Amino acid sequence: MSTGTDIVFFLAFVSAFLSFGLNAAGPDAGPASLMLGCGSDNEAKDADGRTWLPDSKFVSGSNSNQVQAQYQDPALTSEVPYMKARVFTSNTTYKLPAKSKQRYFLRLHFYPSNYGSYNAEQAFFSVVANGVTLLKNFSASITCTATTQAYLIREYALAPLTQDGLEITFAVNTGFAFVNGIELVPIPDDLFEKAAFVGGKADDSIDSKSLNLQTVYRLNVGGSFIGPAKDSGSLGRAWYDDNAYIFGANVGVENVADNNTRIEYKDIPDYSAPVDVYTTTRSMGPDKDININSNLTWVFNQVDVKYMYIVRLHFCDTVFTKPNQVVFTVYINNKTAEPEADVIGWSGGVNKAVYKDYATLLDEKSGGDLWLALHPNPDTMPQYYDSLLNGVEIFKMETSKSLAGPNPKPSEMLEKAEEEQKRNFEESKKKDTGSNNKAHVIGGAAGGAAAAGVVAALCIAVYQRKKRVQGGESHSTSWLPIYGNSHTSAKSSKSNGSRHLSSAAQGRCRRFSFAEMKQATKNFDEANVIGVGGFGKVYKGVIDNGATKVAIKKSNPQSEQGVHEFQTEIEMLSELRHKHLVSLIGFCEEDNEMCLVYDYMSRGTLREHIYKGNKTYLSWKQRLEICIGAAKGLHYLHTGARWTIIHRDVKTTNILLDENWEAKVSDFGLSKTGPDLNKGHVSTVVKGSFGYLDPEYFKRQQLTEKSDVYSFGVVLFEVLCARPALNPNLPKEQVSLADWALHCQRKGILEDIIDPHLKGKVNMESIKKFADTAEKCLSECGVDRPSLNDILWNLEFALQLQEGIEPVATRSDSRTRSDSDDATLRNQEMMAIHYSNLSLGSESDLGEVQPSSSSNNNEAAPDSDSAIFSQIVNPTGR
Ligand SMILES: *[C@@H]1O[C@H](CO)[C@@H](O)[C@H](O)[C@H]1NC(C)=O
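Residues numbered from 1 in each chain as written. Predicted model: local features only at pLDDT ≥ 70, side-chain atom pairs only at ≥ 80, totals over all residues. Heavy atoms only, no water.

**Examining the sheet that holds strand β5 (residues 84-88)**
The strands that make up a sheet are held in pairs by hydrogen bonds between backbone atoms, and each pair lies either parallel or antiparallel. The following threshold applies: A strand pair is defined by DSSP finding two or more bridges across the two strands. We count a stretch as a helix when DSSP gives it H or I for four or more residues in a row; a strand needs E for two or more, and each element gets its number in order from the N terminus. To get an axis, a line is fitted to the C-alpha atoms, and for a helix only the part in contact is used. The angle between two axes follows their N-to-C directions and goes from 0 to 180 degrees.
Taking strand neighbours across the sheet as the criterion, the three strands line up as β4-β5-β14 in an open arrangement whose pairing is antiparallel. Every other strand in the sheet has two partners, leaving β4 (64-68) and β14 (177-179) as the edge strands with one partner each. Geometrically, the sheet is characterised by an average inter-axis angle of 30° between neighbouring strands, direction not taken into account. Pairing analysis gives three bridges linking β5 to β14, with the strands arranged antiparallel. Looking at β14, one finds that V87 is bridged to F178.

**With respect to the sheet that holds strand β25 (residues 328-332)**
In spatial order, the strands read β20-β23-β28-β25-β26; together these five strands make up an open sheet with antiparallel pairing. The open sheet has two free edges, formed respectively by β20 (246-247) and β26 (335-341), since each of these has just one partner strand. Relative to β26, β25 runs antiparallel, the two being bridged by four bridges. Bridging from a neighbouring strand, Y331 pairs with T336 of β26.

**Quick look at the site of the ligand**
Operational definition: Consider each residue's heavy atoms; a residue with any of them within 4 Å of a molecule or strand counts as near. Polar contact is defined as a pair of N or O atoms within 3.5 Å, subject to the rule that within protein one atom must be able to donate a hydrogen and the other to accept it, and that residues adjacent in sequence are counted only when both atoms are side-chain atoms. A 1.4 Å probe and the Shrake-Rupley method give the accessible areas. Residues count as covered only by the protein chains that appear here. Gly is put with the polar residues, along with every residue not named as nonpolar or charged; the nonpolar set is Ala, Val, Leu, Ile, Met, Phe, Trp, Tyr, Cys and Pro, and the charged set is Asp, Glu, Lys and Arg.
Every residue lining the ligand is accounted for by N293, S294, N295, Y331 and N334. One of the side-chain nitrogen or oxygen atoms of N295 is found 2.2 Å away from an oxygen atom of the ligand. Contact distances for the ligand include 2.5 Å between an oxygen atom and a side-chain N or O atom of N334. Surface burial for the ligand is 52%, taken as the share of its 360 Å² of free accessible area covered by protein chains. A per-class count over the shell around the ligand returns one nonpolar, four polar and no charged.

**Considering helix α16 (residues 764-777)**
Quick reminder of the rule: Here, expected helix span is obtained from the residue count minus one, scaled by 1.5 Å. Exposed residues in this analysis have more than 50% of their type's maximum accessible area, buried residues have under 20%, and partly exposed residues fall in between, with area computed by a 1.4 Å probe over protein chains only.
The end-to-end C-alpha separation of α16 is 20 Å, in line with the 20 Å expected for 14 residues at 1.5 Å each. Listed as buried for α16 are S766, I767, K769, F770, A771, T773, A774 and C777. With a side-chain oxygen positioned 2.6 Å from the backbone nitrogen of E765, the residue opening α16 is N763.

**So, the pairing of strand β15 (residues 181-187)**
Of all seven residues in β15, seven are buried, a share of seventy percent or more. Of the two faces of β15, the one carrying G181, E183, V185 and I187 and the one carrying I182, L184 and P186 are both buried. Direction of pairing for strand β7 (residues 103-110) relative to β15: antiparallel, over a ladder of seven bridges. Paired with L106 across the two strands is L184, which belongs to β15.

**A word on the side chain of S283**
To keep things clear, this is the line we draw: Whether two residues are in contact is decided by their heavy atoms, any of which lying within 4.5 Å being enough.
Relative to the elements of secondary structure, S283 occurs in strand β22 (residues 280-283). Residue classification places S283 among the buried positions, given a relative accessible area of 8%. Side chain to side chain, S283 and N255 meet in a polar contact 3.1 Å long. In this view, S283 contacts G252, V253, N255, L296, D386, S387 and L388; residues no more than four positions away in its chain are not counted.

**Brief notes about the environment of Y385**
Residue position: Y385 is located in the loop between β28 (370-376) and β29 (388-389). Linking Y385 and I292, residues 93 residues apart in sequence, is a C-alpha distance of 6.5 Å. If we skip the residues at most four places from it in the chain, Y385 touches K288, N291, I292, P376 and P378.

**Some remarks on the confidence of the model for the protein chain**
Which entries qualify depends on this criterion: Scored between 0 and 100, pLDDT is the confidence that the predictor attaches to each residue.
For the protein chain, the average pLDDT comes to 76, and 71% of its residues sit at 70 or higher. Contacts of residues 806-878 to residues separated by more than four positions or lying in other chains number 82 contacts, the stretch itself having pLDDT below 50.

**Section: the nonpolar core**
Heads up, the condition is: What makes a nonpolar core is a set of buried Ala, Val, Leu, Ile, Met, Phe, Trp, Tyr and Cys residues whose side-chain atoms join them at distances within 4.5 Å.
Among the nonpolar cores identified, the biggest contains 58 residues, and F712, L720, L750, F770 and L795 are the most heavily contacted of them. Here F712 is in contact with C627, A630, A631, L634, V650, L788, I791 and L795, once residues within four sequence places are set aside. Core analysis: the second largest hydrophobic core is formed by 52 residues, F125, F138, A150 and F170 among them.

**What about the packing of aromatic side chains?**
Condition: Stacked, tilted and edge-to-face are the three classes assigned to paired rings of Phe, Tyr and Trp, where Trp is represented by its six-membered ring and a pair needs centres within 6.5 Å; plane angles under 30 degrees give stacked, over 60 edge-to-face, the rest tilted. To sit over a ring, a charge needs its Lys NZ or Arg CZ within 6 Å of the ring centre and within 35 degrees of the ring normal.
Taken as a whole and assessed by the stated rule, the structure comprises 26 aromatic pairs. Ring geometry for F125 against F170: centres 6.3 Å apart, planes inclined by 40°, an arrangement best described as tilted. In this pair, F125 sits in strand β10 (residues 124-129) while F170 sits in strand β13 (residues 166-174), placing the two residues 45 residues apart along the sequence. Arranged with centres 5.0 Å apart and planes meeting at 50°, the rings of Y217 and F300 form a pair that is tilted. Separated by 83 residues along the polypeptide, Y217 in strand β18 (residues 213-220) and F300 in strand β23 (residues 296-300) bring together distant segments of the chain. Of the two residues examined, Y217 and F300, each falls in the buried class. An aromatic cluster is present here, built from F88, Y94, F110, Y115, Y118, F125, F138, F170, F176 and F178 joined pairwise through their rings. The side chain of K356 reaches across the aromatic face of W346, ending 4.6 Å from its centre.

**Topic: unusual backbone geometry**
Note the cis peptide between V80 and P81, where omega equals 0°. Among the secondary structure elements, P81 is positioned in the loop between β4 and β5. Even without glycine at this site, S234 takes up a positive phi of about 50°. Tracing the backbone through its elements, the reader meets S234 in the loop between β18 and β19 (240-241). Positioned with a positive phi, R648 is a non-glycine residue whose angle comes to about 75°. With respect to the helices and strands, R648 occurs in the loop between α12 (620-640) and β37 (655-657). Residue R648 is classed as buried on the basis of its relative accessible area of 9%.

**Describing helix α14 (residues 705-721)**
The end-to-end C-alpha separation of α14 is 25 Å, in line with the 24 Å expected for 17 residues at 1.5 Å each. A large share of α14 lies buried, amounting to 16 of its 17 residues. Looking at the residues trailing α14, positive phi occurs at A722, about 55°.

**A word on the pattern of salt bridges**
What counts here: Salt bridge, as applied in this entry: a Lys or Arg side-chain nitrogen positioned within 4 Å of an Asp or Glu carboxyl oxygen.
In the structure shown here, the tally under the stated rule is 28 salt bridges. Between R312 and D357 there is a salt bridge, and its shortest N-O distance comes to 2.7 Å. One end of the pair, R312, is in strand β24 (residues 307-315); the other, D357, is in strand β27 (residues 354-362), with 45 residues separating them in the sequence. The residue D755 makes a salt bridge to R623 at a minimum N-O spacing of 2.9 Å. Here R623 lies in helix α12 and D755 lies in the loop between α15 (737-747) and α16, a separation of 132 residues in the sequence. Take D755: its relative accessible area is 1%, and that puts it in the buried class. Accessibility expressed as a relative area gives 2% for R623, which makes it buried.

Listed below in C-alpha cells is the structure:
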C-alpha cells in the first residue's frame, strides 16, 4: 500500500477519533492512542468505559474473518474486546497510523476460546511489528493454560519508530492466527533510559533508550490492582497486586499511607507510576529479629531465559523521614544489585517517589525464574532493620530483533490433573451413554464448553483467584465468592431444570419482588458489587427501609447451571438454621430474574484476614475460634440435619465472618444431600476447588463427608501458614499447600513455614495439636481421617492450650511455685475449663458442641486428652 493511502487512513482515523472524542488529550498533546476491537463492526466500550474502534479499515486482504467467542469465561473482566476476534487464515498485515521517532506501547489481547469452527487450541502463529519479532509459533491457548489465565495481554514498548506508520503482520505457523484487541499508545521518550548492570563494574550500565522491550511483569507491591483507566499519564498500564509472587515464610506487611498523604514526584515525571503505587508499600514488619533473619522475596516465573531484563523498582517511604533510618540490600538473581538502598537518601524525604533500574541477564541455570530479594543491611547501623518496596516492573530487552520466547510448559500438577480429569470424564460419559444419555449434560446455556470442560471447571477456581491477582477488578475481595465451576455441570437426574422451588422451601423463607431487589441495591449499582462469580454478582444492599443490611446474589439469567445451583442453595439453606451457617433471609424469582438474599457478613471472607490483603493480623486465639466455628458449621451439616449434607466446596473464601468474628459456612450451591448418602458414598462427577480436592474423591469420584474433612485440613494449614491452597507461581514442590505442609510436617520443619506473625506469640503445643489435626485431615484414605466431631474436639483442645498461657504465667509471677506444680495445675485447670465450657447438645441441636453458661460442673478432670476425647465421642449424658 502506498504512503498516500496510509495518510488517507491516518486522516480517516483522526477524524473518527475526534468525532468519537476518545482518549483525546488535546490537539497539541502529540499523537493519539488507538484501541482496536478486532473482528468488531462497531465501536464498543469495555468494562472501564474505554472505547474500542472497529479494526476493518486497518487490515487489508481477504484472508481474515470476524468471529465471536462461543463461551464467556467467568474470569473475563470485560466482554470487550475479548468476545470478538479476527481470525487470519494466512499472513495478514495491520497498518496503523504512527509517528516517526515516537515510542509506543503496543498491546495485543488474546482470549483463546472456541470461535465457531476455529478452536484456539489449533492456532500457532507469529507476530512481527516493523521487522521486530514479537511472537513466534505462539499458542495463546497453551500460554493461558500454563499460567492459569483465561486471557492474556502482551505489552511491548517499541523502540522509537524510524518512519511513519506501524505494520503488524500475523503469520500463520499452524492452523490459523487470531487477535482480540490491539492498543497503540504513545509514550514519553524518557520512560526508558539507563539501567545499572547487576554483577558488572560499579558504573556499568545498559541504555534501553532505543531498544524494543516487552513488559513481563508490572506490580503494585503491597497494594491492589490498578486498572488501565486509572494509570498515570494515560498510558493504559495495568498494575497487578504482588501477592502471588511473594515467596517464603516472611511475606512482610502491606502498608497504606493515610488519605491525605501527598506524593511528590521530585526527580521523576508523574507518568512514572500512579500515586497508588507509591502510597502502598510492602515492608518486612516490626519484628527486628524476624527481619534480620529473613529476606523479603519475590519470585517471577515463566521468564524467558537468555534474554536481558530491566528490573525497575519503585520506592517511596511514607513513614520515615531521615536517611539511614532504613537501609537494605537488593539482590536480583542472587547477585547484589544495590548493596545499600536508602530510600530517603535517594528521594530526599518522606513521601517522595523514586525509581531505580537494574539490568540483568537471565541464564539457563535460572530455570526461567527471576528472583528479587531485599534484606536489611546492618553495616551502616540503620535505626531499623527493615526493607521496603512499592512497585516493580520487569521488561525484556530485544536480542537480534526478537522478543519471542517458547510457549510455556504447564506445571506437572496441572498436566496430571488434566489427564486424570479427561480420563474420568471419558469413563463417566461411556457409562452414561449406556444407561441414560441425559445424565451428564456438559455445558450450560452459554454452551460451547467442550469435553475438556470438566478440567476447566476445576481450574476456574484458579482462574478466579488469578483474576483477582492479575486481571482483578476494583472489587478484589469478594464477599461471597465464586461457584467454583458454574459453567460446566453434570446435572443430577433429580434436577429437571425446572425453575420452581419446592413449596416447602418457598414457605420457609421470605419472598421478595424484583422491584424490592432493585431498590435494595440502588438498581444493582456496580458500586455495590462485593463479589462476582459464574452464577452472577453479589451486591451489598439494604432492605426494610434501611433497617437490615443484606448481601444479594443475583443470578446471571443466561446460566442454566445458575438455576440449578440457585435451587440447591435455596432448598438447602431454607431448611438449615445454625449459628455457624450463613443464613438465607429470602429469595426473589420473577420472570428470568433470580436473587438470593442473605445476612450481610461485614468482615468478609476468612481468606482476606489471613493473607489476602489483610490490614491486621488475626491472633492465634482468633484463628482457633474461627476454625472452631467453621468446624461446628460443617459438623452440623454432616450430622445435624435430616440428611447428611456434604458441602463439597470447603475453602477459606466460603468461610465468612460477621462483625463479631463469628465464622459462618457459606455457599451451598455444590452441596450434595439425599438418603443415598447413608449408604456411605455417592458417586458423582468431581466438583470443588483445585487445591482443596480430596485425592480419593478425585480418583474414584466417590463422595463422602470425609472429602469435606480433607478440604477443611487444607483450610487449617492455610490459617497456620497464611498462604493460598494453591500458588502456581511457587517452585513445583510448594505449589500445593497440602503437599508442602505434609512434607514439612513429616520432616519436622513445619515451624519454618508457619505464619511469621505467629512466631513467639503462641503456645507451640497448641500449634502442634492444630498441625497434627490438620495432618490427619489430609490422610490419603478417607477412613483414616477424623470426623468433624474429633476435629472440633482437637481444636477446642488447642484453644485451651493457647489460653492456658496467660493466666498461668501471671499467677506464677505473683506466687512462687515449682515448675512441675505449675504444669500440673495448668493441666488440671485446663481440663476443668474444658468440662465447664462444653456440654453436648440435646436433640434440637444435634451433635453440636456448645458453650454452656453453667460453670459448676464438678466432674473430676481427667489427666489426658484422650480421656476427654473418648468421653465426648461416647457421650454418657450430662
Ligand atoms: C537473602 O537472599 C540472598 C540472595 O539471594 C541470599 O544470599 C541470602 O542467603 C538470603 N538470606 C536469607 C536470610 O534468606
